[in-house]
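# Working through the structure, step by step
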Amino acid sequence: MPTSAELMERAVKVIPGGVNSPVRAFQSVGCTPRFIARADGPYVWDVEGNRYLDYIGSWGPMILGHNDPVVREAVQEACGRGMSFGAATELEVQIAEFICDTVPHVEMIRMVNSGTEAVMSALRLARGFTGRDKVVKFAGNYHGHSDCMLVEAGSGVMTAGVPGSAGVPEGCARDTLTAAYNDLESVRALFESNPGQIAAVIVEPVAANMGVVLPAPGFLEGLRALCDEAGALLVFDEVICGFRLAYGGAAERFSVRPDLVTYGKIIGGGMPVGAFGGRADVMNHMAPAGPVYQAGTLSGNPIAMTAGFAQLRELHDHPEHYERLEAAGERLFGGIAKLLEDRSAPCCVNHIGSIGSTFFAPGPVTDYASAKASDTDAFARYFRFMLDRGFSLAPSQFEAMFISCAHTDEHIDETLAAIAEYLS
C-alpha cells in the first residue's frame, strides 16, 4: 500500500495541486495531506493504517457518523435497482414531499448536485422573479465557486490568501455588492445607493467559512426587515447549517423565515447533493413551470436521493440526536474555552450547537476583518500537533469543526486532553 506522501507525489503529476478541492492540499498548515482509505463512526483511517478521531465529517454531511448503517443499508439496496435513470422517479417526489411537510419555510424544492449549483440557481431565480440584477453578499461568507459569488469569499479562497479567483471577468462580479457581516447599516447603505435594483440578500445565517461566526442579536431579523422594505428576497445559504443546528436549520433556530434557502451536505447523506427551495410563488418561476431555466442530468439521482432521504428521516424521527449534538458541542467547545481561559491563551472560541472554531486571535471574532486577524502560523502548529496525536481537524484556520452523533463524551474528553497538552 503506498503512503500518503507517495500518493501525493503521484497526484501532483495528474491532478492540479494533487487534489480535487484546494483545502485538501494542506498547504496552509505546512504538511502533506493524509490520503484516507476508510471511515467508520467518528474515525477515519489513512492509507498507512493510522486512525484519526475525525472532526471534519466530510465537511459536515456525516452528522450521524461515518458509514452509518441506516444510510449505508438504504444505499446498498437502492444500488441493486440501478445507479441512474435520467428520468423522474417516485423517490424524488417522496423526499420533496417529506421536506416540504417538515420544514415550514420550504413550500417547494428542487434538487441539484452541489451547494454551489444550489446557490447559483437560487440567485438566478431571485433575479428572474424580481426583475432586478444586483445581489448583496457578505465579506467572508462563502457561497460556492460560481463566478458572481467569488467576491471576498471565505473557505478555500480565504485559506489560500487570495481575494477572489483568476478567470472571473469583472462583469460577472459587477452586480455583486458586498456588505460587512453583522453590520446592518452597511446593508442599508447598499439598498439606499441602489434603489429598486437589488434582487436578493444572500447570507450564511451562521457563517462557517471564515471560521464559525455567529449572527449578532437582531442581525438576521434586521435583514428580513430590510428585504421586506425594499422588495428584495432574503436567501439563507444553509448548505452547512441546514439540518444541523436544528432539523429546520438556522431558520428554525433563530425564528427568521427566508424567502429561499439553499442546502447541501447533510441533505445528501454523504452523496453529492444540493437543493434550493422556499416560497411556492417564487419557486414556480423555475422552468418548466416558469421562465427561469435550470437543469441537471444527474439531479435527483436515485442513489443520492436514497442516502439523503434516509438521513433526513433518521434526524426528523429521532429529535434526541439534536439533544446529543447540542450537549456534545457544549462539552467540546465549552471545554476548549475553559482551557483557553485558564491558560490565558491569545485565542477565542466561537460555537453554536455541533459546529465551532478555535481562532488564534484574542477575539472577539464577529466578521471577516476580525477573522482575518488570526495567526495562521499558530493555527498550523496546533493542527500538526493534533494530527500527530490522532485527531483530524480541518486543515485551515477558516473552517469549522463538526461533531457527529458518533462522538461520545469519552472521545471529546480525549480531544480536550490533547488540547490541554498543546497549551501546557
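Residues numbered from 1 in each chain as written. Predicted model: local features only at pLDDT ≥ 70, side-chain atom pairs only at ≥ 80, totals over all residues. Heavy atoms only, no water.

## Looking at the overall build of the chain
- Across its full length, the chain carries 15 helices and 14 strands.
- Taking 2.2 N^0.38 as the reference for a compact globule, 424 residues should give roughly 22 Å; the C-alpha atoms of the chain span a radius of gyration of 21 Å, in line with that estimate.
- Taken over the C-alpha atoms alone, the chain extends approximately 55 × 55 × 45 Å along its principal axes.
- Burial analysis of the chain (424 residues in total) assigns 57% to the buried set.
- Residue pairs at least 24 apart in sequence account for 71% of intrachain contacts in the chain once pairs closer than 6 positions are excluded.
- Only carbon and sulfur atoms are counted for the fraction: they give 52% of the accessible area of the chain, which is about 17400 Å².
- Counting 31 positive and 50 negative side-chain charges, the chain places the centres of these two groups 4 Å from one another. (Helix = DSSP H or I, 4+ residues; strand = E, 2+ residues; numbered from the N terminus. Rg over C-alpha atoms; globule rule 2.2 N^0.38 Å. Buried < 20%, exposed > 50% of the residue type's maximum accessible area, 1.4 Å probe, protein only. Contact = heavy atoms within 4.5 Å. Areas by Shrake-Rupley, 256 points an atom, 1.4 Å probe, with all protein chains shown as cover. Lys, Arg positive; Asp, Glu negative; His and termini not counted. Charge placed at Lys NZ, Arg CZ, Asp CG, Glu CD.)

## Section: unusual backbone geometry
- Cis geometry marks the peptide bond from A287 to P288; its omega dihedral reads 10°.
- Topologically, P288 is positioned in the loop between α10 (280-283) and α11 (302-317).
- Following G363, the chain continues into P364 via a peptide bond in cis, with omega recorded as 0°.
- Examined against the element boundaries, P364 turns out to sit in the loop between β12 (355-359) and α13 (368-372).
- Unusually for a residue other than glycine, S58 sits at a positive phi of about 60°.
- The partly exposed category is assigned to S58, whose relative accessible area is 38%.
- We note that S344 has phi near 50°; this positive angle belongs to a residue other than glycine.

## Thoughts on the confidence of the model for the chain
- Confidence in the prediction for the chain averages 94 pLDDT; 95% of positions are at 70 or higher.
- Low pLDDT, under 50, characterises residues 154-163; the stretch is placed with 25 contacts to residues that sit more than four places away or in other chains. (pLDDT = per-residue confidence, 0-100.)

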